[in-house]
Structure formats: structure tokens, C-alpha cells
Amino acid sequence: MIAPSILSADFARLADEAAAVTGADWLHVDVMDAHFVPNLTLGLPIVQSLLKATDIPLDCHLMIDDPDRWAVGYAEAGAYNVTVHVEAAADPVKLAANLRAAGAKAGLSVKPGTPLEPYVELLKHYDTLLVMSVEPGFGGQSFIVEVLDKVRQARRLVDSGELTVVVEIDGGINADTIEQAAEAGVDCFVAGSAVYGAEDPARAVEALRARATEAAAQVVRGVH
Ligand code: DX5
Ligand code: ZN
């Protein structure tokens, strides 16, 4: 799956920018509060408007303090998946239950330096795991390859049936980096600058999907 990040889109033309990636599986929406991360983007009113402007399921990535208080509003509004940061959540088990009760998938994100081991039990309450492959806060940064160890670890846990999360990666994904992420076992790729920085965003989505699909197929065939 490919999830274009509107962080790299034109914020004054969000409906058009959503329409420009009609083949996308999810539309990734980066909510930043200038506290959890040193950047400020958008919040619930804009997500509510975006929900009316597109049929693409919204994947809301909340880079905010106190998600226990704010995240459920995005689920109630109709976001498909609502991801909170494990570094910010006070009661992530209860939060996941609240997100699901409000009708959304529950996502948990880990920053590049946050290990996975302490959270494996917790992830049994979640539907998606968002592995950050850049420090959260800004688009256009370079891919941190070391996080692929966490992707492989998550893939093993899913393949063995211990977890049922969708494994998602976010940050620095482009035509050069997507293959190694696909080989490591990613299910859903967030891409901001690689999609909205392209001449034709819809074609960029399909090109990324083709590369990821081919790389994953080679793993199945045992080429890598
Ligand atoms: C960064 C955001 C990402 C960002 C990715 O904190 O979470 O979703 O949009 O942008 P690229 O794909 O340009 O690295
Ligand atoms: Zn994001």
C-alpha cells in the first residue's frame, strides 16, 4: 500500500491535492503540535474538511503531546486509521480501545531511536505499527536505514501470528529507498516529497508501488 503524505502538498489546495493521488491506498495526514515535534501543521477542523473532500481513507499521524486527550476526536470524525506516538501516550492500551470504539483503526508509532521489544505486548491492542524512518517533524529528510531492523522484527512477529499489525514506514521513502523497505517486510509506505514533489503525483504513486511489489516478490522467490 502507498500512503502519500499531504505534508508535502499545497495546504491551500488540499482537495485538489487529494484528487491528484486517486490511486493511493491511504492519504497520510501529519498532525503536529509544535510541542511533541518542533513544527506546527494542522488539526481536527482541517481533517474534518478533508474527509468531506476525498474518498481516500485518511491515515492520521498524530505527532502531538497528550494523544490520550485528542486522538479520539479524529476517530469520531471518520479517520480510517489514527496513529499516536508511544513516546507521548500515557495509557496506550486504553487509548487503542477508545480509538477502536470510535470506529477507527488504532495505530502506534515509534521514533527512530525507540526500540520495539518493550512494546510487543502493547501492540496486540493495535492495528497498525508506524515505524519512523526519520525524526518526526519535517518532510524531505534522509531515510535512516537502521530502522529496518525493527521492520524485520515486526514482520517476523506478524508472520508468526503473534501480532496482526499492518507494518507501515514513514520518512525518506522514495524510488531509491522503497525496495530495501519492501524487502524488510513493510506493508504500507508513506511518501511525501517523493509523491508531491513529482511532476505527476499519481504516476509517482504507481511507480513506487511497482518498485515495492517487485522487491517483495523477489524476497518470495528467494532472490534476496
Ligand atoms: C515526518 C512525517 C512524514 C513526512 C514524510 O515527520 O511524519 O509523514 O511527510 O515526508 P518524506 O516522505 O518527504 O520524508
Ligand atoms: Zn507521518
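Look up a bit, the structure's there.
Remember, predicted model here, so these are calculated numbers, not experimental data.

Conventions used here
- Per chain, residues are indexed from 1 in the order of the written sequence.
- Chains and ligands are labelled by the order in which they are written, letters from A for the one and numbers from 1 for the other.
- With pLDDT at 70 or above as the cut-off, local features in this predicted model cover only qualifying residues; side-chain atom pairs require 80 or more to be listed or tallied, and sums for whole chains, interfaces and linings still use all residues.
- Side-chain calculation: all heavy atoms of the structure are included, whereas hydrogens and water are not.
- A strand pair is defined by DSSP finding two or more bridges across the two strands.
- Runs of H or I in DSSP of at least four residues are treated as helices and runs of E of at least two as strands, each being numbered from the N terminus.
- Under this scheme, a helix contributes an axis fitted over its contacting stretch, all axes are lines through C-alpha atoms, and angles between N-to-C directions fall in the 0 to 180 degree range.
- Any two residues whose heavy atoms approach within 4.5 Å are treated as being in contact.
- Salt bridge, as applied in this entry: a Lys or Arg side-chain nitrogen positioned within 4 Å of an Asp or Glu carboxyl oxygen.
- Exposed residues in this analysis have more than 50% of their type's maximum accessible area, buried residues have under 20%, and partly exposed residues fall in between, with area computed by a 1.4 Å probe over protein chains only.
- Donor criterion used throughout: N, O or S atom within 2.8 Å of the metal, extended to 3.2 Å for Na, K and Ca. Water excluded; incomplete-looking sites may result.
- Geometry is assigned from donor-metal-donor angles: four donors are tetrahedral when every angle falls between 85 and 135 degrees, four are square planar and six octahedral when opposite donors sit over 155 degrees apart with all other angles between 65 and 115, and any other arrangement is irregular.
- We call a residue near a given molecule or strand whenever any one of its heavy atoms falls within 4 Å of it.
- Pairs of N or O atoms within 3.5 Å make up the polar contacts considered here, provided that, within protein, one atom can donate a hydrogen while the other can accept it, and that residues adjacent in sequence are counted only when both atoms are side-chain atoms.
- Throughout this description, the term nonpolar core refers to a set of buried Ala, Val, Leu, Ile, Met, Phe, Trp, Tyr and Cys residues connected via side-chain atoms within 4.5 Å.
- Between 65 and 115 degrees an angle is taken as roughly perpendicular, under 35 as roughly parallel, over 145 as roughly antiparallel, and anywhere else as oblique.
- Definitions for this section: a left-handed crossing has its near helix turned counterclockwise from the far helix by less than a right angle. A right-handed crossing has that turn clockwise.
- All amino acids are sorted into three groups, where Ala, Val, Leu, Ile, Met, Phe, Trp, Tyr, Cys and Pro are nonpolar, Asp, Glu, Lys and Arg are charged, and the leftover types, Gly among them, are polar.
- Here a Phe, Tyr or Trp ring, Trp counted by its six-membered ring, pairs with any other such ring whose centre lies within 6.5 Å, and the pair is stacked when the planes are under 30 degrees apart, edge-to-face when over 60, and tilted otherwise.
- Only when the NZ atom of a Lys or the CZ atom of an Arg is both within 6 Å of the ring centre and within 35 degrees of the ring normal do we say a charge sits over the ring.

Visitor: Would you explain the sheet that holds strand 8 (residues 188–191) in this entry?
Guide: Hydrogen bonds between backbone groups are what pair the strands of a sheet, and the pairing can be parallel or antiparallel. In spatial order, the strands read 1-8-7-6-5-4-3-2; together these eight strands make up an open sheet with parallel pairing. Of all strands in the sheet, those with a lone pairing partner are strand 1 (2–4) and strand 2 (27–32), marking the two edges. Each neighbouring strand pair of the sheet contributes to a mean axis angle of 25 degrees, computed without reference to strand direction. Bridging between strand 7 (residues 166–170) and strand 8 involves three bridges; their strand directions are parallel. Bridge pairing links Asp170 to Val190 in strand 8. Helix-sheet contacts for helix 8 (residues 201–221) involve strand 1 and strand 8, and the interaxial angle to strand 1 is about 150 degrees.

Visitor: I would appreciate a short explanation of the pattern of salt bridges in the present structure.
Guide: In a structure, side chains of opposite charge can pair up when their charged atoms sit close to one another. What the rule picks out here adds up to twelve salt bridges. In this structure, the salt-bridge partner of Arg209 is Asp25, at a minimum N-O distance of 2.6 Å. With Arg209 in helix 8 and Asp25 in the loop between helix 1 (14–19) and strand 2, this residue pair connects regions lying 184 residues apart in the sequence. Residue class for Arg209 comes out partly exposed when judged on its relative accessible area of 22%. Using a relative accessible area of 25% as the deciding quantity, one classes Asp25 as partly exposed. Between Arg100 and Asp127 there is a salt bridge, with the nearest N and O atoms lying 2.9 Å from each other. With Arg100 in helix 4 (residues 92–101) and Asp127 in the loop between strand 5 (105–110) and strand 6 (128–132), this residue pair connects regions lying 27 residues apart in the sequence.

Visitor: I would appreciate a short explanation of the coordination of the zinc ion (ligand 2) in the present structure.
Guide: Expected angles at a metal are 109.5 degrees for tetrahedral coordination by four donors and either 90 or 180 degrees for octahedral coordination by six donors. The coordination sphere of the zinc ion (ligand 2) contains the protein donors His28 (NE2), Asp30 (OD), His61 (ND1) and Asp170 (OD), at a distance range of 2.1 to 2.3 Å. Around the zinc ion (ligand 2) sit six donor atoms; with metal-centred angles ranging over 71 to 171 degrees, the donor geometry is octahedral.

Visitor: Teacher, can you tell me more about the site of ligand 1 here?
Guide: Around ligand 1, a shell composed of 20 residues is seen, among which Ser5, Gly137, Asp170, Gly192 and Ser193 lie nearest. Take Gly137: an N or O atom from its main chain is 2.7 Å from an oxygen atom of ligand 1. The backbone of Gly140 places a nitrogen or oxygen atom 2.8 Å from an oxygen atom of ligand 1. For the shell around ligand 1, the elements supplying multiple residues, two or more each, are strand 2, strand 3 (58–63) and strand 8.

Visitor: Just checking my understanding: could you explain the nonpolar core for this structure?
Guide: Formed by 66 residues in total, the largest nonpolar core has its most connected members in Tyr126, Ile169 and Phe189. With five residues, helix 5 (residues 148–159) is the largest single contributor of residues to this core. Contact partners of Phe189, with chain neighbours within four places excluded, come to Met1, Ile2, Ala3, Ile169, Ile173, Ile178, Ala181, Ala182 and Ala212. Of all hydrophobic cores here, the second largest spans seven residues; its members include Leu130, Val134, Cys188 and Val190.

Visitor: Looking at this structure, how should I read the packing of helix 2 (residues 44–53) against helix 3 (residues 67–77)?
Guide: Between two packed helices, both the angle of their axes relative to each other and the distance between the axes serve to describe the pair. Between helix 2 and helix 3, whose axes approach to 10 Å, the crossing angle comes to 15 degrees. With respect to helix 3, the axis of helix 2 lies roughly parallel. The way helix 2 lies across helix 3 gives a crossing that is right-handed. Contact residues: Leu44, Val47, Gln48 and Leu51 in helix 2; Gly73, Tyr74 and Ala77 in helix 3. Residues that form the contact of helix 2 with helix 3 fall into these classes: five nonpolar, two polar and no charged.

Visitor: How should the packing of aromatic side chains be read in this particular structure?
Guide: For any pair of aromatic rings, geometry is given as the distance between the ring centres together with the angle between the planes. Going through the model one piece at a time under the given rule, you end up with one aromatic pair. Measuring from centroid to centroid gives 5.7 Å for Trp26 and Tyr80, while their planes differ by 50 degrees, and the two rings are tilted. Residue Trp26 is found in the loop between helix 1 and strand 2, and its partner Tyr80 is found in the loop between helix 3 and strand 4 (81–85); the two are separated by 54 residues along the sequence. The positively charged end of Lys111 is found above the aromatic ring belonging to Phe36, 5.2 Å away from the centroid.

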